Amino acid sequence: MTRAFLPILAVLTLGLAACETAEPNGGAADYDALKRAQADCAAQGGKLVLKDQGDAQRIDAYTCKRT
């Protein structure tokens, strides 16, 4: 029984690791994420703005617009 359980556990562990997002805080637009995005955008000569109909709680709802 234990030998059959180990491969299943390994597959589940790898599956959960693959689902982890690359964005910190799961993509939440917290202070640090917004500050970092604003700095990156300013370095490109733009301004960070919220997209039309964007959810202000999500970092992917913001875009860098050239000024």
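The preceding data block contains the structure.
So, here's what we can say about the structure.

Conventions and cut-offs
- Residues numbered from 1 in each chain as written.
- Predicted model: local features only at pLDDT ≥ 70, side-chain atom pairs only at ≥ 80, totals over all residues.
- Heavy atoms only, no water.
- Disulfide = S-S within 2.5 Å.
- Helix = DSSP H or I, 4+ residues; strand = E, 2+ residues; numbered from the N terminus.
- Expected span 1.5 Å × (residues − 1).

Things to note about the state of the cysteines
And step 1. One pass over the structure, following the stated rule, counts one disulfide.
And step 2. The side chain of Cys41 participates in a disulfide bridge whose partner is Cys64; the two sulfur atoms lie 2.0 Å from each other. Handedness of the Cys41-Cys64 disulfide follows from its S-S torsion of about 85°: it is right-handed. Here Cys41 is found in helix H2 (residues 31-43), whereas its partner Cys64 is found in strand S2 (residues 62-66), with 23 residues between them in sequence.

Some points on H2
And step 1. Relative to the 18 Å expected for 13 residues at 1.5 Å per residue, H2 spans 18 Å between its end C-alpha atoms, a close match to the ideal helical length.
And step 2. Backbone geometry just after H2 places Gly45 at a positive phi near 85°.

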